[in-house]
Amino acid sequence: MKLDSAGLQVLTHEECLGLLPSRPIGRIVFTDRALPAVQPVNFCLDGQDIVIRTAAGSKLAAATRRSVVAFEVDDFDSDARSGWSVTVVGYARVADDPEEIARLERLPLAPWTPGRDHFIVITAVEASGRRLT
């Protein structure tokens, strides 16, 4: 087990991707008018890609077209003072191929609000994480 300078367990790429689907909500970090923006989203994995749904005309949809984004998921137990945090950096793209959209619609990714019929796919380039036990 590798530890960082603070004594936290350093997670491997595979461990990071394995932890992502254990939580229903993540946060996407993107650029909005040259400033960083963070938005909570529900998501699912499609292989190693992160898939989210949004409205076609949303700020998130416009800001993530072929751009670099970060995606973060974590889980903490404040009583036990334990938990983990995973950050993925990758490229976001809009799913626009009809066959891909049909396949993504079959994923277990139900939008929490109406009008979320636009898929954004994040291809992970880097995944890093830490665990506090």
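Residues numbered from 1 in each chain as written. Predicted model: local features only at pLDDT ≥ 70, side-chain atom pairs only at ≥ 80, totals over all residues. Heavy atoms only, no water.

**Q** What is the right way to look at the pairing of strand 8 (residues 118-132) in this model?
**A** With three bridges joining them, strand 1 (residues 9-11) and strand 8 adopt antiparallel strand pairing. Paired with Val10 across the strands is Arg130, a residue of strand 8. Two strands pair when backbone bridges link them, and strand 5 (residues 49-54) and strand 8 are joined in this way by six bridges, in the antiparallel orientation. Counterpart to Arg53 in the pairing with strand 8 is Phe119. Bridge count between strand 7 (residues 82-94) and strand 8: 12 bridges; the pairing is antiparallel. Bridge pairing links Thr87 to Ser128 in strand 8. (Pairing = 2+ DSSP bridges. Helix = DSSP H or I, 4+ residues; strand = E, 2+ residues; numbered from the N terminus.)

**Q** Looking at this structure, how should I read the layout of surface pockets?
**A** One way to see where empty space is left: roll a probe the size of a water molecule over the atoms. A volume near 190 Å³ is recorded for the largest pocket. Ile25, Gln39, Pro40, Val41, Asn42, Arg53, Thr54, Leu60, Pro111, Trp112, Thr113 and Arg116 are the residues that line the largest pocket. Those elements that provide at least two residues to the lining of the largest pocket are strand 3 (35-42) and strand 5. The leading source of residues in the lining of the largest pocket is strand 3, at four residues. Residues of the lining of the largest pocket, tallied by class, amount to six nonpolar, four polar and two charged. (1 Å grid on protein atoms, 1.4 Å probe; cavity = no way out; pocket = protein on both sides within 12 Å on 5 of 7 lines; lining within 4 Å. Points joined across faces, edges and corners; volume = space filled by probe spheres on them. Nonpolar A, V, L, I, M, F, W, Y, C, P; charged D, E, K, R; others polar.)

**Q** For this particular structure, what's the right way to read the pairing of strand 6 (residues 67-77)?
**A** For a regular strand, side chains alternate in direction, first toward one face of the sheet and then toward the other. Inspection of the sheet shows strand 2 (residues 25-32) paired to strand 6 by three bridges, in the antiparallel sense. In the sheet register, Ile28 faces strand 6, and the bridge partner there is Phe71. Taking the residues between adjacent antiparallel strands as the criterion, strand 6 and strand 7 are bridged by four residues, where Arg81 takes a positive phi near 55°.

**Q** Is there a simple way to think about the packing of aromatic side chains in this case?
**A** The description of an aromatic ring pair uses the distance of the two centres, along with the angle that the planes make with each other. What the rule picks out here adds up to one aromatic pair. Their ring planes at 75° and their centres at 4.9 Å tell us that Phe43 and Phe71 sit as a pair that is edge-to-face. Of this pair, Phe43 sits in the loop between strand 3 and strand 4 (44-46) while Phe71 sits in strand 6; the two residues are 28 residues apart in sequence, bridging distant segments of the chain. Neither Phe43 nor Phe71 differs from the other in exposure class; each is buried. (Phe/Tyr/Trp six-rings, centres within 6.5 Å; stacked < 30°, edge-to-face > 60°. Buried < 20%, exposed > 50% of the residue type's maximum accessible area, 1.4 Å probe, protein only.)

**Q** Help me understand the state of the cysteines, please; the structure alone is not making it clear to me.
**A** Covalent bonding between the sulfur atoms of two cysteines defines a disulfide. Taken as a whole and judged by the stated rule, the model has zero disulfides. Counting only cysteine sulfurs, Cys44 is the nearest neighbor of Cys16, a cysteine outside any disulfide, at a range of 18 Å. (Disulfide = S-S within 2.5 Å.)

**Q** Would you take a moment to explain the pattern of salt bridges for this structure?
**A** In total, this model carries eight salt bridges according to the counting rule given. The shortest N-O distance in the salt bridge between Glu72 and Arg27 comes to 2.5 Å. Residue Glu72 is located in strand 6, and its partner Arg27 is located in strand 2; the two are separated by 45 residues in the primary sequence. Judged by relative accessible area, which is 14%, Glu72 ranks as buried. When its relative accessible area of 27% is taken as the criterion, Arg27 is described as partly exposed. In this structure, Arg27 and Asp74 form a salt bridge, with 2.8 Å as the shortest nitrogen-oxygen distance. One end of the pair, Arg27, is in strand 2; the other, Asp74, is in strand 6, with 47 residues separating them in the sequence. (Salt bridge = Lys/Arg side-chain N within 4 Å of Asp/Glu carboxyl O.)

**Q** Looking at this model, I keep getting lost on the nonpolar core. Mind explaining?
**A** Note that soluble globular proteins tend to have their nonpolar side chains buried in a common cluster. Membership of the largest hydrophobic core comes to 24 residues, with the highest contact counts inside it found for Leu20, Ile28, Ile50, Ile52, Phe71 and Val86. Within the residue set of this core, elements represented by two or more residues are helix 1 (13-19), strand 2, strand 3, strand 5, helix 2 (59-63), strand 6, strand 7 and strand 8. Among the elements that line this core, the one with the most residues is strand 7, at four residues. Here Ile52 is in contact with Ile28, Val41, Asn42, Phe43, Leu60, Phe71, Leu109, His118, Phe119 and Ile120, once residues within four sequence places are set aside. (Core = buried A, V, L, I, M, F, W, Y, C linked by side-chain atoms within 4.5 Å. Contact = heavy atoms within 4.5 Å.)

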